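# Observations on the model geometry
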Amino acid sequence: LLHTLTDMNFLKAEYIRLPMFTAYREWNKGSNEFILLLKFLVPFFFKYKTMSDKNATRLESYLVTVCDMIKNGKENEKEKTLYGIIKFLLSVYPDAEFENDFLLVDKSDNVCKYVLHKINSYLTDNFSDVKPIDGLHLEHILPKSPKINGNGDIWNKDDFFTGYEISTSPNYQ
């Protein structure tokens, strides 16, 4: 849950506070449904607003609908309500539309940092020495003007594998 709240803060996802507080009040902060809702809302916000820059007013209306679904759901059917919320939000912004938008959007350093942080977090374990997201520096991973050996020669992506043979790599099997 802490990672989700940290991501929410990093993405400046204020829009999802309303359904978060509604679920907190109606479902109990420790319930599985509450935690799963937050874990769904942050990536949904990332896709909908951060990556695709969709209309904020429309997003607000969708999230008000989510609040209504939470408030009108039966206490003993929280899981069913959560499923309905996820289905609803996926219908207003399908993955196929996101994939198309993702290719077209101009990604800022913060968006790239967030994506690389999430990939790194997914691929590493809890004991990794990975720096927090605020400590990431993209220039080391995705340099805007890559140089070869610092001597001013511009790096050519077409030469990346020049001289490299998979069969000679000691770690490749």
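Residues numbered from 1 in each chain as written. Predicted model: local features only at pLDDT ≥ 70, side-chain atom pairs only at ≥ 80, totals over all residues. Heavy atoms only, no water.

### Structural notes on the pattern of salt bridges
One pass over the full model with this rule turns up two salt bridges. Of the charged contacts in the structure, one is a salt bridge between D95 and K47, with a shortest N-O distance of 2.6 Å. In this pair, D95 is assigned in helix α6 (residues 95–104) and K47 in helix α3 (residues 32–51), connecting sequence segments 48 residues apart. Of the residues examined, D95 reaches a relative accessible area of 41% and is grouped as partly exposed. The partner of K78 in a salt bridge is E75, with the nearest N and O atoms 3.6 Å apart. Here K78 falls in the buried class, since its relative accessible area comes to 16%. (Salt bridge = Lys/Arg side-chain N within 4 Å of Asp/Glu carboxyl O. Helix = DSSP H or I, 4+ residues; strand = E, 2+ residues; numbered from the N terminus. Buried < 20%, exposed > 50% of the residue type's maximum accessible area, 1.4 Å probe, protein only.)

### Quick notes on the confidence of the model for the chain
Put simply, the chain has an average pLDDT of 76, and 65% of its residues get 70 or more. Per-element confidence in the chain ranges from a low mean pLDDT of 59 for strand β1 (residues 147–148) to a high of 93 for helix α5 (residues 78–92). (pLDDT = per-residue confidence, 0-100.)

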